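Reading the structure
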Amino acid sequence: MREPRYVVIADDLMSRVSAGEWPVGELLPTEPELAAAYKVSRETLRRALQRLEARGLISRHPGTGTRVERSRPAAAFTAHLGSLQELTQYGESAVRSVLSVDTVVVGAELAAATGLPEGAERVCVTSVRRDPEHGDRVISWAQVYLESADAEAIKGDLGEESLLISDLVEARAGRTVERVVQKIRAVGVPPEAARQLGVVPGSPGMQFIRRYHDAAGRLFEVSVSTHAPDTFVYETTLQRS
């Protein structure tokens, strides 16, 4: 599949900035000039510049222009998640390390956030995911809640660090992931996650709550993952149907 034009332009601009064509502190050519040079609309050009801005390469200032802030992108793990297949690919690119496996009782706060039944017992798998392209830096801290039978079925496979736990449940417990409902919210990073992510407890973070439903509509897995904002970028593409 061909990459969108704005992605190609963004990659080219990043290469040119990294090569020093526009040194740190200097302004890029104006949007009309760049749009004309790449033979695209201003809207396409702006989308390309947004990618550079998200990586910390540039800052845009109305009335002044677009200034180069750094020559190399800020190191951040970027996840492009728009389908179940891409969610699986995320598991392949960010490897898991299991920290603990415990049986817990779902409290009121967890039930409200996840939809799990309050008072129910679940097996909680606590883990981190690491980015192998940046020295195995921890990019997320997660807790996955499973029914005891599913947890028993996959306990020997948790060392499969590149697979999602939902993939293991499908393979070992005979379930099929039919639907994943995802909620993203801003949180203060909890102390246990902060220790793993290397940030101050309570500092701003992103939390992803994913609810996995099988073909019968049954909620069989919930994952709650926390990310530090300076080491993780979440990107989706919305396309007019």
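All chains use their own residue numbering, which begins from 1 and follows the written sequence. Given that this is a predicted model, residues contribute local features only at a pLDDT of at least 70 and side-chain atom pairs are listed and counted only at 80 or more, while totals for whole chains, interfaces and linings are drawn from all residues. Hydrogens are left out, water is left out, and the side-chain values use all remaining heavy atoms of the structure.

1. Re the pattern of salt bridges
Salt bridge, as used here: a side-chain nitrogen of Lys or Arg that lies within 4 Å of a carboxyl oxygen of Asp or Glu. Counted according to the given criterion, the structure contains 13 salt bridges. Note that Glu147 is salt-bridged to Arg218, the shortest N-O span being 2.7 Å. Of this pair, Glu147 sits in the loop between β6 (137–146) and α6 (148–154) while Arg218 sits in the loop between β8 (204–214) and β9 (219–227), placing them 71 residues apart in sequence. Through salt bridges that share partners, Glu31, Arg42, Arg46, Glu53 and Arg60 make up one connected network. By the criteria applied, helices consist of DSSP H or I runs no shorter than four residues and strands consist of E runs no shorter than two, each listed in order from the N terminus.

2. Quick notes on the packing of aromatic side chains
The criterion for an aromatic pair is that two Phe, Tyr or Trp rings (for Trp, the six-membered ring) have centres within 6.5 Å, with stacked assigned to planes under 30 degrees apart, edge-to-face to planes over 60 apart and tilted to the rest. Taken as a whole, this structure holds zero aromatic pairs when the rule is applied. In this scheme, the term charge over a ring applies when either NZ of a lysine or CZ of an arginine sits within 6 Å of the ring centre and within 35 degrees of the ring normal. Over the aromatic face of Tyr6 sits the side chain of Arg47, whose NZ or CZ is 4.0 Å from the ring centroid.

3. What about helix α3 (residues 42–54)?
Compared with an ideal rise of 1.5 Å per residue, which puts 13 residues at 18 Å, α3 spans 18 Å between its outermost C-alpha atoms and is within 8% of the ideal. Of the residues trailing α3, Gly56 is marked for its positive phi of about 80°. Each residue after the first adds 1.5 Å to the expected span of a helix.

4. Observations regarding the sheet that holds strand β7 (residues 177–188)
Whether parallel or antiparallel, the strands of a sheet pair through hydrogen bonds between backbone atoms. Strands are treated as partners if at least two bridges between them are detected by DSSP. A sheet is described by the order of its strands in space; here six strands give the open sequence β4-β5-β6-β9-β8-β7, paired in antiparallel fashion. A single partner strand is all that each edge strand has here, and the edge strands are β4 (95–105) and β7. Within the sheet, the average angular offset between the axes of one strand and its neighbour, ignoring direction, is 20°. Pairs of residues are marked as contacts when any of their non-hydrogen atoms sit within 4.5 Å. Each axis is a line fitted through C-alpha atoms, and for a helix only the stretch in contact is used; angles between axes span 0 to 180 degrees, taken between their N-to-C directions. Those strands touched by helix α7 (residues 165–173) are β4, β5 (121–131), β6, β7, β8 and β9, and its axis lies near 160° from that of β9.

5. A short note on unusual backbone geometry
You will see that Lys39, though not glycine, has its phi angle at about 60°, which is positive. Relative to the helices and strands, Lys39 resides in the loop between α2 (31–38) and α3. With a relative accessible area of 74%, Lys39 lands in the exposed category. Buried residues are those whose accessible area, probed at 1.4 Å on protein chains only, stays under 20% of the maximum for their type, while exposed residues exceed 50% and partly exposed ones sit between those limits.

6. Description of the packing of helix α1 (residues 5–18) against α3
At a closest axis distance of 8 Å, the pairing of α1 and α3 adopts a crossing angle of 50°. Considering the angle they form, α1 stands oblique to α3. The way α1 lies across α3 gives a crossing that is right-handed. Here Arg5, Tyr6, Val7, Ile9, Ala10, Leu13 and Met14 of α1 lie close against α3, whose contacting residues are Thr44, Leu45, Arg47, Ala48, Leu49, Arg51 and Leu52. Under the scheme applied here, ten amino acids are nonpolar (Ala, Val, Leu, Ile, Met, Phe, Trp, Tyr, Cys and Pro), four are charged (Asp, Glu, Lys and Arg), and all others, including Gly, are polar. Per-class residue counts for the contact of α1 with α3 are 10 nonpolar, one polar and three charged. Angular relationships are summarised with four words: roughly parallel below 35 degrees, roughly antiparallel beyond 145, roughly perpendicular across 65 to 115, and oblique for the angles in between. Handedness of a crossing is defined here by the sense of rotation of the near helix relative to the far one, left-handed for an anticlockwise turn of less than a right angle and right-handed for a clockwise turn.

7. Considering the pairing of β6
Most of β6 sits out of view: nine of its 10 residues are buried. Sheet topology note: the β5/β6 ladder contains nine bridges and is antiparallel. Within β6, the position partnered with Arg130 by the bridge is Val138. One ladder, built from six bridges, connects β6 with β9; its direction is antiparallel. Looking at the pairing, Ala142 lines up with Ser225 of β9.

8. A word on the environment of Glu69
Of note, Glu69 is situated in the loop between β2 (65–68) and β3 (77–80). Discounting residues that sit within four places of it in the chain, Glu69 has contacts with Val24, Gly56, Leu57, Ile58, Ser59 and His61. Here a polar contact is taken to be a pair of N or O atoms separated by no more than 3.5 Å, where protein atoms must pair a possible hydrogen donor with a possible acceptor and residues adjacent in sequence count only if both atoms sit in side chains. Here Ser59 takes part through its side chain, which lies 2.4 Å from a polar atom of the side chain of Glu69. A distance of 3.0 Å separates polar atoms of two side chains, one belonging to Glu69 and the other to Arg67.

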